[in-house]
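# Observations on the three-dimensional arrangement
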Amino acid sequence: MASNPVAPTLDVIAIGNAIIDVIANCEDSLIEQLGLARGGMMLIDTDQARDLYAAMGPAREISGGSAANTLAGLASLGAKCGFIGQVAQDQLGEVFTHDIRAGGIEFETPARAGDPPTARCLIFVSPDGQRTMNTFLGASHYLPAEALDEATIAKAAVLYLEGYLWDPEEPRAAMRKAIAAARTAGRKVAFTPSETFVIDRHRDDFIALIDDGQIDVLFCNEHEMAALVQNDDFETGLAMLAPKIPVLVVTRGPEGAVALSGGERAEVSAEPIERVVDTTGAGDLFAAGFLFAHVRGMNLEQSLKLGAICACEVISHYGARPERSLQALMAEKLT
């Protein structure tokens, strides 16, 4: 990585899907009836999106997208952030644009004319808070490399990338261009593979990025780590990945999280919570807390702790964006 004497003006800039989440409660019997994998995420086409929306009960619409959710958490903590993602010139695109800018996040990617429409994720929430996600990627598939300004990438301390957007060809090329720009500028690259099905499709690419030293911070859950290393044993997975990545962060749901960096290991338990309402965005907000602490030079344990605090807040209500001030929560709980 080249050195850059120019101080960054943003903490984190992220590239990800620009999505509106459509969230509805349901019984597990409906998930079974629809043939969905409970707790999973699958990509759907226009017809499937229409059919699933028709099967949903009363729903609420909230701006989402994995990396955008992480930025919303970072902004709530007081970070300066920017987002790069593609919406269409339609109502949902206007909603997404308004919401992310209202959160204090820079967003200058021009909206795309014509079809397909802005992406949306249809989320069925079970009585225990588990979410089953069905994503129509729409316009977000068409983020061109030309939409990236290398100077914009260079002004952020960390470039954060979500694996969900690696699937389509155009945004994959854009993300590769962004990685090169960040490395040239001497900035850090953080990455999450997002889901095991994404790893199944692009594992060779992800392993090449890791082996080539292109990733400085890797976020994954224990199932994604197993898919990456093709080994189900947790400790073996850590031992295989940690030497290749400056900072490895692995979440384990209710069992907390582990981070390894330079031979140091830290672990935290999940924050106590009275009732899990909706697990949508838990990993995204964990990444927000960790990245905020990491950029500010906090140690591994403090970074994990703040990640757990942020994840706990978001699973206490519907939607993947924080409703309480995470800055206030940090001041209250992080000692």
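Cut-offs used in this document
- Residues numbered from 1 in each chain as written.
- Predicted model: local features only at pLDDT ≥ 70, side-chain atom pairs only at ≥ 80, totals over all residues.
- Heavy atoms only, no water.
- Salt bridge = Lys/Arg side-chain N within 4 Å of Asp/Glu carboxyl O.
- Helix = DSSP H or I, 4+ residues; strand = E, 2+ residues; numbered from the N terminus.
- Buried < 20%, exposed > 50% of the residue type's maximum accessible area, 1.4 Å probe, protein only.
- Pairing = 2+ DSSP bridges.
- Contact = heavy atoms within 4.5 Å.
- Axes fitted to C-alpha atoms, helices over the stretch in contact; angles between N-to-C directions.
- Phe/Tyr/Trp six-rings, centres within 6.5 Å; stacked < 30°, edge-to-face > 60°.
- Lys NZ or Arg CZ within 6 Å of the ring centre and 35° of its normal.
- Lys, Arg positive; Asp, Glu negative; His and termini not counted.
- Core = buried A, V, L, I, M, F, W, Y, C linked by side-chain atoms within 4.5 Å.

## As for the pattern of salt bridges
Two side chains of opposite charge can pair, provided their charged atoms sit close to one another. Tallied over the entire structure, the rule returns 14 salt bridges. For Asp-28, the salt bridge is made with Arg-38, and the minimal N-O distance between the two is 3.0 Å. One end of the pair, Asp-28, is in helix α1 (residues 28-33); the other, Arg-38, is in the loop between α1 and β3 (41-43), with ten residues separating them in the sequence. Judged by its relative accessible area of 33%, Asp-28 falls in the partly exposed class. Its relative accessible area of 40% is what places Arg-38 among the partly exposed residues. Members of the salt-bridge network, linked through shared partners, are Asp-28, Arg-38 and Asp-128.

## Observations concerning the sheet that holds strand β12 (residues 247-251)
If you trace the nine strands from one edge of the open sheet to the other, you get β6-β5-β1-β9-β10-β11-β12-β13-β14, paired in mixed fashion. Every interior strand has two partners, whereas the edge strands, β6 (106-107) and β14 (264-268), have only one. Sheet topology places strand β5 (residues 81-84) next to β6; two bridges connect them, and they run parallel. Within β6, the residue paired with Phe-83 across the bridge is Phe-107. Strands in contact with helix α11 (residues 300-314) are β12, β13 (257-261) and β14; relative to β14, the strand with the most contacts, it is inclined by about 30°.

## What about the pairing of strand β1 (residues 10-15)?
With six of six residues buried, β1 lies mostly within the body of the structure. Across five bridges, the pairing between β1 and strand β9 (residues 156-162) is parallel. Opposite Ile-13, over in β9, you have Leu-159 as the bridge partner. Bridge count for β1 against β5 is four bridges, and the pairing is parallel. Each residue of the ladder has a partner; that of Ala-14, found in β5, is Phe-83.

## Overview of the packing of aromatic side chains
All told, the structure shown has eight aromatic pairs when counted by the stated rule. Ring geometry for Phe-83 against Phe-96: centres 5.7 Å apart, planes inclined by 50°, an arrangement best described as tilted. Remark: Phe-96 occurs in helix α4 (residues 91-102) and Phe-83 occurs in strand β5; sequence separation between them is 13 residues. The same class applies to Phe-83 and to Phe-96, which are both buried. Centre to centre, the rings of Tyr-160 and Phe-219 are 6.1 Å apart; their planes meet at 80°, and the pair counts as edge-to-face. Here Tyr-160 is found in strand β9, whereas its partner Phe-219 is found in strand β11 (residues 217-221), with 59 residues between them in sequence. Among the residues examined, Tyr-160 registers a relative accessible area of 1% and is labelled buried. Linked through ring pairs, Phe-83, Phe-96 and Phe-107 together constitute an aromatic cluster. The ring centre of Tyr-142 lies 4.5 Å from the NZ or CZ of Arg-112, which sits over that ring.

## Thoughts on the sheet that holds strand β8 (residues 131-136)
Taken together, the five strands give an open sheet; going across it, the order is β3-β8-β7-β2-β4, and neighbouring strands pair in mixed fashion. Strands with a single pairing partner mark the edges of an open sheet, and in this sheet they are β3 and β4 (60-64). When the angles between neighbouring strand axes are averaged without regard to direction, this sheet yields 25°. Strands β2 (19-25), β3, β4, β7 (119-125) and β8 of the sheet are contacted by helix α2 (residues 46-55), whose axis makes an angle of about 40° with β7.

## Quick notes on the side chain of Glu-313
Along the chain, Glu-313 turns up in helix α11. For Glu-313, which is buried and forms no salt bridge, the nearest opposite charge comes from Arg-324, at a distance of 5.8 Å. Excluding anything up to four places from it in sequence, Glu-313 contacts Pro-322, Glu-323, Arg-324, Leu-326 and Leu-329.

## A look at the nonpolar core
Grouped together as the largest cluster of nonpolar side chains are 53 residues, with contacts concentrated most on Ile-15, Leu-159, Leu-218, Leu-241 and Leu-248. For Leu-248, the contacting residues outside a window of four places in its chain are Leu-218, Cys-220, Leu-238, Leu-241, Ala-242, Val-258, Ala-259 and Leu-260. Formed by 51 residues, the second largest nonpolar core is a distinct cluster that contains Phe-219, Ala-266, Leu-291 and Leu-304.

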